[in-house]
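# Structural features, examined
Letter by letter, the chains look like this.
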Amino acid sequence: MRNLVTSALLAGAVLASGTSAHADDGYFGPSEKQLTFKEEGERTRTQKITLLSLAGGAVLAGAVGGYFMLDAQTQGEMVSASGMHTLKAWSEDLADTRNDALRSNTIATVSFGVGGAFAAATIVAYMITQPEMKVGYQDWQSKRSLPSVAPTAGGIVMSQGWSF
Amino acid sequence: MEFLVRQAARFPTGAQWPAIAMAAAAVFSLASCKPEISGNTYFCGPDSLCPPNLVCQLGGTESFTYSCVLPGEADSFACPVPSADQEPDDSPAQARDLGDIACGEQVQFQNWGCIEDGEDIDTFRFTRPTDCNAVAPRVKATLRFPLGAAPLALELRDESGEVLSTGETCTSEQDNSGTEQVCVDHPNSPIGTYTLHVVLDADGNADCDGNCRFNRYQLVIISPQG
């Protein structure tokens, strides 16, 4: 009822302005034309879970890699030496520390590799599961249309909006 | 497939650069996490133990202590000339005579002694003189040798050859010289002649499976006042 009233007011205003603008037949009346719009589709629940799992795997593997990298760094610094004499005799304990540093380094390398694979898989999965654009149609005469009027110097500006 | 190729052409996007930078940083960080040990930074441990890719320098003459060095820098073991010139000194009759060691006197060998193999014995003879007035005169001796080759043992014997005291490990925890010390401390040592015997430690297993059954040593003999 409000739309009808507004349309009527608009039509009246246009006519009163004396310009060449006029309402065509069917401008606000029935028409077979439709509004065409595109909107991004949504990923399925499974796709979202998959993406989150892959990203989580990347973060987890990265965290594990980071932990062991720090461990390798700490233990490596305990035995690494160059230049000056350490004034220590090489011992089984030092050898164990060095081996632990190497083991942590290996674990960190593998973890970063796995994390990288997860990250790459996340990116690929993100691209693959990119939802296609959906094309939608809406009647010009949709009940959800909203006309508006704004007065300007020497006339008015009319518009009509649709929500989808 | 076409979709993937199309997407790949746009890779990396602005948001993906940080991920690539982080991955590169991780790779560089990993490279720096590996322990790196260069030559001459560690003394050889027992059994000539050295870090991988390094070997024990057993033949050097510039230092008393064996160090871990690159394989190309290592020389084979040889007893130093002053020590070899003293041979044979395997029995009390052939012992190096140190003469009298008075109360409060200390005798320290500037040159390194050397045990060439499992059969070698180095014997030192000394006498406690009659003018020693201490109430309970002692004989102390300290044998110091590098950890890198076979451990050595020290015995104090009297004139008849009876073993009075056997050395025990007395290396200080603060000792950072890459050496082991064995000490003899024999109380109530009366006036007379004594011998010190330096041999390979029969109980020591750190002889590199027989490949380092030798070592150098330094010997200090002290005759404290009381």
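Residues numbered from 1 in each chain as written. Chains lettered and ligands numbered in written order. Predicted model: local features only at pLDDT ≥ 70, side-chain atom pairs only at ≥ 80, totals over all residues. Heavy atoms only, no water.

With that settled, consider the overall build of chain B. What chain B contains, in helices and strands, is three helices and 13 strands. Here chain B holds 226 residues, and the buried ones make up 44% of them. Taking contacts inside chain B between residues at least 6 apart in sequence as the whole, the part at least 24 apart equals 74%. Summed over all atoms, the accessible surface of chain B reaches about 11800 Å², with 51% contributed by carbon and sulfur. (Helix = DSSP H or I, 4+ residues; strand = E, 2+ residues; numbered from the N terminus. Buried < 20%, exposed > 50% of the residue type's maximum accessible area, 1.4 Å probe, protein only. Contact = heavy atoms within 4.5 Å. Areas by Shrake-Rupley, 256 points an atom, 1.4 Å probe, with all protein chains shown as cover.)

Residue and element names in this part refer to chain B. Counted by the stated rule, this structure contains seven salt bridges over all chains. The partner of R125 in a salt bridge is D97, and the shortest N-O contact between them spans 3.8 Å. Here R125 is found in strand β6 (residues 122-128), whereas its partner D97 is found in strand β3 (residues 96-100), with 28 residues between them in sequence. Notably, a salt bridge pairs R213 with D207, separated by 3.0 Å at the nearest N-O pair. On the basis of relative accessible area, R213 is assigned to the partly exposed category, the value being 36%. Within this structure, D89, R96 and D122 form a network of salt bridges that share partners. (Salt bridge = Lys/Arg side-chain N within 4 Å of Asp/Glu carboxyl O.)

Quick look at the packing of helix α2 (residues 45-79) of chain A against helix α3 (residues 92-128) of chain A now. Residue and element names in this part refer to chain A. Here α2 crosses α3 at 160°, and the two axes come no closer than 7 Å. Overall, the two elements α2 and α3 adopt an arrangement that is roughly antiparallel. For the pair α2 and α3, the crossing hand works out as left-handed. (Axes fitted to C-alpha atoms, helices over the stretch in contact; angles between N-to-C directions. Parallel < 35°, antiparallel > 145°, perpendicular 65-115°, else oblique. Left-handed = near helix turned anticlockwise from the far one by under 90°.)

Residues and elements named next belong to chain B. The tally for this structure, following the rule as stated, stands at five disulfides over all chains. Residue pairing for C50: its cysteine sulfur links by disulfide to C68, the two sulfurs lying 2.1 Å apart. Residues C50 and C68 are joined by a disulfide whose S-S torsion is about -90°; by sign, that bridge is left-handed. Residue C50 is found in the loop between α2 (17-33) and β1 (55-56), and its partner C68 is found in strand β2 (residues 68-69); the two are separated by 18 residues along the sequence. C68 shares its class with C50; the two are buried. In this model C170 forms its disulfide with C183; the gap between the sulfur atoms is 1.8 Å. One quick way to see it: the torsion about the S-S bond of C170 and C183 is about 70°, and its sign makes the bridge right-handed. On the criterion of sequence distance, the pair formed by C170 in the loop between β10 (168-169) and β11 (179-186) and C183 in strand β11 is long-range, its members being 13 residues apart. Relative accessible area serves as the criterion here: at 25%, C183 is assigned to the partly exposed category. (Disulfide = S-S within 2.5 Å.)

Here we come to the confidence of the model for chain A. Segments scoring low in pLDDT should not have their predicted coordinates read at a detailed level. On average, chain A scores 78 in pLDDT, and the residues at 70 or more come to 74%. Segment residues 1-25 of chain A is flagged for pLDDT under 50; beyond a separation of four residues in sequence, or across chains, it makes 15 contacts in the model. (pLDDT = per-residue confidence, 0-100.)

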